[in-house]
Amino acid sequence: MGLTAQHVETAKWVGAALFYALTSVIIITVNKSVLSIYKFPSVRFLSLAQLLVTVVVTHVLKALNIVSYPDMSRSAARKVMPLPLLYMVNMMVGLGSTQNLSIPMFTVLRRFTVLFVMIGEIVILRKRFSVLTMLTVLAMIFGVLIASVGDLAFDSYSYFLIFTNNILTAAYSIYIKKVDDSNTLGKFGMMFYNSIIALPFAAAIFLISGDYDSVAAFAGWLDPWFCFEFILCTLLGYALVYSSILCTGLCGALTQAWLGSSRTQL
């Protein structure tokens, strides 16, 4: 028997999910090495470098006619909004949300993203979910609530930040799906315009934060293995953005959110 259209779609679905999951696991490992083992002093500079690499690599791929997306214009930039704004605000809130929370509690509370994505898809994208799917999500949230009740180090400000982080992450995933469904920019166009619009804001945040001196004085720049891992980290950032958009487009924002929340356990 030959492959049917349904078999092909299922293979694409599974492939996109595995690609995103695998990329997520690998980048977490490399990020931990760069930030924890080598003790690189600035997450903000790493995020800035990943945005810059996304812009440059995507532009080069287009110049080589490997990928295509609309040329730079105000019209094209407007089509990607509000993704860059959601990305930047989410990045700033995300950095603050981890400061006063334990890693296990941070991981547990990030599960609320799945619930917010499901609500957002119902309200914004008019999507319907099966009763089993909704009950599964609600059961997961019930477990989160039980775990949070036992949090002896409760910090209201950190909880506010992480719930804001969850809402922004959900909105980002939903709008990726919405822009992707419109089929006006394509996946690479979405990556390019999202990154190039967010780039100056990320640069400003990096400079205002005062991280420049510590990054410039970092001794690891003389270590070829650190440089290799740092470059690998930026390239993996590119792969993660692409796999995230691909997974959201093919599998849906809810599946992407579930995979994203699950990877934090690693």
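Everything discussed here concerns the structure shown above.
In short, a report on the structure.

What counts as what
Residues numbered from 1 in each chain as written. Predicted model: local features only at pLDDT ≥ 70, side-chain atom pairs only at ≥ 80, totals over all residues. Heavy atoms only, no water. Helix = DSSP H or I, 4+ residues; strand = E, 2+ residues; numbered from the N terminus. Contact = heavy atoms within 4.5 Å. Areas by Shrake-Rupley, 256 points an atom, 1.4 Å probe, with all protein chains shown as cover. Core = buried A, V, L, I, M, F, W, Y, C linked by side-chain atoms within 4.5 Å. Buried < 20%, exposed > 50% of the residue type's maximum accessible area, 1.4 Å probe, protein only. Expected span 1.5 Å × (residues − 1). Salt bridge = Lys/Arg side-chain N within 4 Å of Asp/Glu carboxyl O.

## Some thoughts on the overall build of the protein
Looking only at helices and strands, one finds 12 helices and zero strands in the protein. Within the protein, counting contacts between residues at least 6 apart in sequence, those at least 24 apart form 84% of the total. Summing over all exposed atoms, the protein offers an accessible surface of approximately 14200 Å²; the carbon and sulfur share of this is 70%.

## Notes on unusual backbone geometry
Glycine aside, the phi torsion of most residues is negative, and most peptide linkages are trans. Going from M81 to P82, the amide bond is cis rather than trans, its omega being 5 degrees. Phi at K39 takes a positive value of approximately 55 degrees, unusual for a residue other than glycine. By the element assignment, K39 lies in the loop between α1 (5–37) and α2 (43–63). Positive phi outside glycine occurs at N65, with the angle close to 60 degrees. Counting through the fold element by element, N65 comes out in the loop between α2 and α3 (74–80).

## Observations concerning the nonpolar core
Formed by 29 residues in total, the largest nonpolar core has its most connected members in V34, F40, M88, F226 and F230. Residue assignment for this core shows that the elements contributing at least two residues are α1, α2, α4 (83–97), α9 (186–209) and α11 (224–251). Counting residues per element, this core draws most heavily on α11, which supplies eight residues. For V34, the contacting residues outside a window of four places in its chain are K39, F40, F226, E229 and F230. Counting residues in hydrophobic clusters, the runner-up holds 21 residues, among them L83, Y172, V179 and Y238.

## Details of helix α6 (residues 112–123)
Taking 1.5 Å per residue as the helical rise, α6 with its 12 residues ought to reach 16 Å, and the 17 Å between its terminal C-alpha atoms agrees with that figure. Of all the positions in α6, only F112, T113, V114, L115, V117, M118, G120 and E121 are classed as buried.

## Examining the pattern of salt bridges
The tally for this structure, following the rule as stated, stands at three salt bridges. Put simply, D211 and R44 hold a salt bridge, and the shortest N to O gap is 3.2 Å. Of this pair, D211 sits in the loop between α9 and α10 (212–216) while R44 sits in helix α2, and the two are 167 residues apart along the sequence. A residue is classified by how much of its surface remains accessible, and D211, at 10% relative accessible area, is buried. We note a salt bridge from K127 to E121, for which the minimum N-O separation is 4.0 Å.

## Considerations on the environment of V67
Structurally, V67 is set in the loop between α2 and α3. Beyond its immediate chain neighbours, meaning those up to four positions away, V67 contacts T58, L61, K62 and F188.

Any link to function would need more than the numbers given here.
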